[in-house]
Amino acid sequence: MVSGIDKKAAIAAYKERKAAAGIYAVRCTVSGEVWVGQTPTLDTVWNRLWFTLGHGVSRPHSLQTAWSQYGDESFVFEELERLEEEENYLVRKMLLKKKLAYWQEKLKAQLV
């Protein structure tokens, strides 16, 4: 059992952690389709994506359709690029947009 002090320390550490922004890909190993996305929270996007896909409410429609057709075992998540820590929100947002366009073109991917 976790003590109240340990739990409070864990919660405090979680709140103080720096979120890593970046670009990711979701690949269907059966069809070869690739989707790319950007996120300010690279460490948690995997869970969010798989949750929404599992419940049938993910966007884009093409990703949800492929997931429903091939099943979760046919998909892999890949971190493509992690941004250096950037304090300025607008700079980070601009960098994510540029890097997303680069990876979308390079991989001939659809957007998440």
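Reading the values: the criteria
Residues numbered from 1 in each chain as written. Predicted model: local features only at pLDDT ≥ 70, side-chain atom pairs only at ≥ 80, totals over all residues. Heavy atoms only, no water. Helix = DSSP H or I, 4+ residues; strand = E, 2+ residues; numbered from the N terminus. Buried < 20%, exposed > 50% of the residue type's maximum accessible area, 1.4 Å probe, protein only. Contact = heavy atoms within 4.5 Å. Phe/Tyr/Trp six-rings, centres within 6.5 Å; stacked < 30°, edge-to-face > 60°. Pairing = 2+ DSSP bridges.

A. Representation of the environment of Leu96 in the model. Locating Leu96 in the fold gives a position in helix H4 (residues 89–107). With a relative accessible area of 5%, Leu96 lands in the buried category. Counting along the chain gives 71 residues from Leu96 to Ala25, while the straight-line C-alpha distance between them is 14 Å. Each residue touching Leu96, except ones within four places of it in the same chain, is listed here: Ala21, Gly22, Ile23, Gln38, Thr39 and Leu83.

B. Local environment of the packing of aromatic side chains. Scanning the entire structure with this criterion turns up seven aromatic pairs. Measuring from centroid to centroid gives 6.2 Å for Trp35 and Phe75, while their planes differ by 35°, and the two rings are tilted. Linking Trp35 in strand S2 (residues 34–39) with Phe75 in strand S3 (residues 75–82), this pair joins segments that are 40 residues apart in sequence. By relative accessible area, which is 0% here, Trp35 ends up buried.

C. Representation of the pairing of strand S1 (residues 22–28) in the model. Counted residue by residue, S1 has six buried out of seven residues, so it is predominantly covered. When S1 meets S2, the two strands line up antiparallel, connected through six bridges. Looking at the pairing, Arg27 lines up with Val34 of S2. By the bridge criterion, seven bridges tie S1 to S3 in an arrangement that is antiparallel.

D. Local environment of the environment of Trp67. Within the secondary structure layout, Trp67 lies in helix H3 (residues 61–70). According to the relative accessible area criterion, Trp67 is buried, its value standing at 10%. Measuring from C-alpha to C-alpha, the distance between Trp67 and Gly54 comes to 8.3 Å, with 13 residues separating the pair along the chain. Residues within four places of Trp67 in sequence aside, it is in contact with Trp50, Leu53, Gly54, Asp72 and Phe75.

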